[in-house]
Every structure is written in C-alpha cells, then in structure tokens.
Amino acid sequence: MVYKNNKVSDVHIAYIGGGSRGWAWTFMTDLAMESDMSGTIRLYDIDEKAAKANEVIGNHLSSRPEAVGKWKYETYSDIKSALTGADFIIISILPGTFDEMEVDVHMPERLGIYQSVGDTAGPGGIIRALRTIPMFVDIAKAIEAYAPEAWVINYTNPMSLCVKTLYHTFPEIKAFGCCHEVFGTQKVLKGIAEEKLGINEIDRRDIHVNVLGINHFTWFDYASYKGIDLIPIYKEYIDEHFEEGYNEPDKNWANSSFACAHRVKFDLFRRYGLIAAAGDRHLAEFMPGNEYLNDPDTVKNWKFGLTTVEWRKKDLQERLEKSQRLFDGEEEVELKPTGEEGILLIKALCGLERVVSNVNIPNTAQQIQNLPGNAVVETNAIFERDKIRPVVAGKVPENIKELIMPHIENHETTLKAALTCDKELVEKAFLNDPLVKGKNCTLEEVKALVSDMIQGTIKYLPEGWK
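Presented here is a report on the structure given in the accompanying data block. Every value quoted in this text rests on a predicted model; they were computed, and no experiment measured them.

**Describing the packing of helix α8 (residues 230–241) against helix α9 (residues 263–272)**
- Two elements in contact, α8 and α9, have axes separated by 10 Å at closest approach and are oriented at 115°. The orientation of α8 relative to α9 falls into the category roughly perpendicular. As for the relative orientation of α8 and α9, their crossing is left-handed in sense. Of α9, the residues touching α8 (which contributes I231, Y234, K235, Y237, I238, D239 and H241) are K265, F266, F269 and R270.
- Split by residue class, the contact of α8 with α9 holds six nonpolar, one polar and four charged.

**Thoughts on α9**
- Of all ten residues in α9, eight are buried, a share of seventy percent or more.
- All buried positions along α9 are accounted for by R263, V264, K265, F266, D267, L268, F269 and Y272.

**Here's the deal with helix α7 (residues 181–197)**
- Compared with an ideal rise of 1.5 Å per residue, which puts 17 residues at 24 Å, α7 spans 24 Å between its outermost C-alpha atoms and is within 8% of the ideal.
- Of the residues making up α7, those classed as buried are E181, V182, F183, T185, Q186, V188, L189, K190, G191, I192 and A193.
- Just beyond α7, the residue with positive phi is G198, at close to 70°.

**Description of the pairing of strand β7 (residues 174–177)**
- Side-chain alternation along β7 places K174 and F176 on one buried face and A175 and G177 on a second face that is also buried.
- Pairing geometry for strand β6 (residues 151–154) and β7, over four bridges, is parallel. Pairing of V152 across the sheet is with A175, part of β7.
- For the crossover from β6 across helix α6 (residues 159–169) to β7, the handedness is right-handed.

**Digging into the side chain of T40**
- Relative to the elements of secondary structure, T40 occurs in strand β3 (residues 37–44).
- Look at T40 and you get buried, because its relative accessible area is 10%.

**Side note on unusual backbone geometry**
- With an omega of 5°, the peptide bond between N157 and P158 qualifies as cis.
- Mapped onto the secondary structure, P158 falls in the loop between β6 and α6.
- Not every positive phi belongs to a glycine, and K303 is a case in point at roughly 65°.
- For K303, the position within the fold is in the loop between α11 (296–301) and α12 (309–328).

**Some remarks on the pattern of salt bridges**
- All chains considered together, the criterion is met by 30 salt bridges.
- As a salt-bridge pair, E332 and R64 come within 3.4 Å of each other at their nearest N and O atoms. Taken together, the positions of E332 in the loop between α12 and α13 (342–349) and R64 in the loop between α2 (48–63) and β4 (71–76) put the pair 268 residues apart, joining distant regions of the chain.
- Its relative accessible area of 40% is what places E332 among the partly exposed residues.
- Accessibility expressed as a relative area gives 11% for R64, which makes it buried.

**Observations concerning the side chain of D119**
- Mapped onto the elements, D119 comes out in the loop between α4 (98–106) and α5 (122–146).
- Here D119 occupies a buried position and makes no salt bridge, while the nearest side chain of opposite charge, R128, is found at 4.9 Å.
- Within the structure, D119 has its side chain in polar contact with the side chain of T120 (distance 2.8 Å).
- Here the side chain of D119 touches N157 through a polar contact of 3.1 Å, side chain to side chain.
- What D119 contacts, discounting residues up to four positions off in sequence, is M101, G125, R128, N157, P158, H216 and H282.

Thresholds, definitions, all that
- Residues numbered from 1 in each chain as written.
- Predicted model: local features only at pLDDT ≥ 70, side-chain atom pairs only at ≥ 80, totals over all residues.
- Heavy atoms only, no water.
- Axes fitted to C-alpha atoms, helices over the stretch in contact; angles between N-to-C directions.
- Helix = DSSP H or I, 4+ residues; strand = E, 2+ residues; numbered from the N terminus.
- Parallel < 35°, antiparallel > 145°, perpendicular 65-115°, else oblique.
- Left-handed = near helix turned anticlockwise from the far one by under 90°.
- Contact = heavy atoms within 4.5 Å.
- Nonpolar A, V, L, I, M, F, W, Y, C, P; charged D, E, K, R; others polar.
- Buried < 20%, exposed > 50% of the residue type's maximum accessible area, 1.4 Å probe, protein only.
- Expected span 1.5 Å × (residues − 1).
- Pairing = 2+ DSSP bridges.
- Right-handed = clockwise from strand over helix to strand, strands pointing away.
- Salt bridge = Lys/Arg side-chain N within 4 Å of Asp/Glu carboxyl O.
- Lys, Arg positive; Asp, Glu negative; His and termini not counted.
- Polar contact = N/O pair within 3.5 Å; in protein donor to acceptor, adjacent residues only side chain to side chain.

This is the structure:
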C-alpha cells in the first residue's frame, strides 16, 4: 500500500467468492464511491466464469467518470496467487447450492420444525456448518501459508462458526466477521426517534448503542441519540404499537419472504428488558420452536416471513439475468450508498479513519464478561490503523445468557462434529437446539432427521461422512 496526501493507493484485496451475483456488486459500489482508496481486487471463485463476469462488470464500473474510487478487477484461477501479497481478504461464499439449502430449511418441517432463514441456528444452520467448516479450514490454511498478515473479513454464514473455524485452524489470523443486522435495528430506533421526538433525518450512525451477544442474536442494553436515552422512548412506542409493529418507511415488506414488522423484537423487549438487535427472521430461530416459529400461522401472526428456498432459487435466476445484462452493458450498477460498513472498516484499518462498529471475534478479551472466552461474540470494537480493539460491553443479563448459552455450546459441538465427521455429535447439537427442543421430538425422530439431512448434503461433505 502507498500513502500520499491522506489517501492510500495500491491496496490489494483478495475476494474469495468473487463470482458472487449480488453482494459483489454491493462491494463494488462502495469501493467506487470511496475516493480515498484505490488498488486491485483479486477475484477468486471455484466458478471462474462467474468471477470473470464480475471482472468485466467491476472494471466497467470503475471506468465511469462518477466512480471516484478507481480499482482494477482481476480474476485469479488459484488461491495461492490470489492471496499472496494481499492486504485484505474478503470471504463471501455460498457453501453448496440452494438444493442443499432446501434440505437445510425444509426437511425439518416434517417434524413441525420451521425455520425462517436456516443458515445460522436450528437444524439448517448446523447442517450448513458441516459443509462450511471444512471449506473454512482450507481457506484458513491457505491464508496462513500465503497471506498471514492480511486482514480477513468474513461475510459468510453461519458467521460465528466461520470465524471460530478460522481461529481454530490459524490462531494468529487477523480475522473478523461483519454483519449488518445491528444497522437494521439502529434504523428502527432512528425511525422511532424521529417520530417520537419530531426530529427529521437522523443519521443512523448517530444512534449510539452498546452491542452484546452472538451473531444474529445480538442485544442493546444502551441506546442514545445526542444525549437522549432511547430505551424509554422505545418502550413507549412498543406500548402504543405492539399489535401492528413498526413498518420501515423505505421497505415494502408486506407479504414478502423477508417480511418483518419487528413484533418479535418488541415481544423480546417486553420479556427480557433489552433491545434485540437483529431481524425478526433471525431472532425467532434462536428461541424455542413452540414460540415464534411454532407453525406458519404463528409466523404470520408475528408478521415476519418464512424465506423459502423456492424464493431464493427464483431470486438467483433473476440475479443471473441481471449479471448478464451488466456484463453486456445493457444495465449499470447503481451508484448509491449501500449502508454496509466493510469499506469504512478497511479504510480505518489503513489508518485513514477511526471507526466504532460491531464485529464478530473471539471473546478472548472478555468483552462480554460472563460468556466463555472461546465463544465468538458480537460487540462493538474500535477500528484504527492495523488494529481492532474490542470494546468491553459488560455482562449479558442472566435471563438472556440462558438463551445464548445453548447456541454457544452448539458452536463447540458442531465444530468438533465437522472436524471429526461424528454423527453422534450432530445429534447432540440437534437435541440441544431450542428450535428442536421446543417441538418435543423423540430421539428416534431426531436421529432419523440427522441421517437424512446429512445424506441430503453429502455431496459437499468430506469423505469421512460417506
């Protein structure tokens, strides 16, 4: 990297999963709108054709006059050359295909176990982890061999287990996980504050929060806007609008696979006293299966969506068609702020800014004091030149700790299961998962489900499972 006039050039970013038809364009957009950095994006993907398409799309975007950030996109056919000399590494991959995800999400429905996302917790998250963890072991070994000093930013789910695997494989790795769910809850607080306080155009980043929990099951015990405590305002709003929830003005989510009226959030606040800080679709999956996800009618009553894999497949087809239009120059990537902070964090790690943002890293600094040190937790951290300093978030209340601990235990169990190809450990994780426990399934039913789900994803599992 070269520093001159408060700018940095010749930054090398390796992008594992660089053939992405979606998030890659978000990444390109943010890079194109950042004037203080430039360099090379090294696209690496097992689908090299998809990476080459993004090379064309990215270079075209960078050539546009209104793109103030100038980057060169190059496709690499092997991970060694992609990583060697990289300053930053992005990991954003789909473990397997949507056919495997269809098994993750929908096969448990035969036992009445419904999942609104299926990529983090629940049976779907556990099985997805079995095929993801071996991939992340290989990625971590490659980083250790070819780019041990690079900063590694993970966007892949299940986030906690992906980050945990990176550190388990290469303890000295400089890795962290980024997730925008906290930003979404800040936006809800922004909207409520604007309505209740009569203030227009609050900046989401001016909603200051203390973040504590694990990915997709995070909580705020502090929320403030320029000296105003927002928690009493949030409580008052819930008391007035509990039944209808909160509908974000910039989102048309009615009857959507991504529907979210934030009623699960509101209910969790009433029950536990803290602001649950993720989308309702994620939050519901961490709770017992006889609660928010008891059946489709219950889900409808709570006003959030079951994101079907059928919808995901249709969306993928639309994104493939969009990719072709972008490749052919029939459509342009829209240059407008995406709301993501990844580029801002890279900028801070380059030393151009100092940023506070939420991050997923091991709890080795005891940033959450009453959770295990080997857990991957989500809290705020300070990002500055070549350093991440986790902010001490304090303790989670005991009633919330009881909700979190089964999932932390399952992270340990699932990691061991994936590394040793041990089906009994997978069964143990299923039996400890609140979604499964809430449905009172028999041991025989759970064992049969585990066997069938493993078979449904066997194509992407190591030989030890076969």
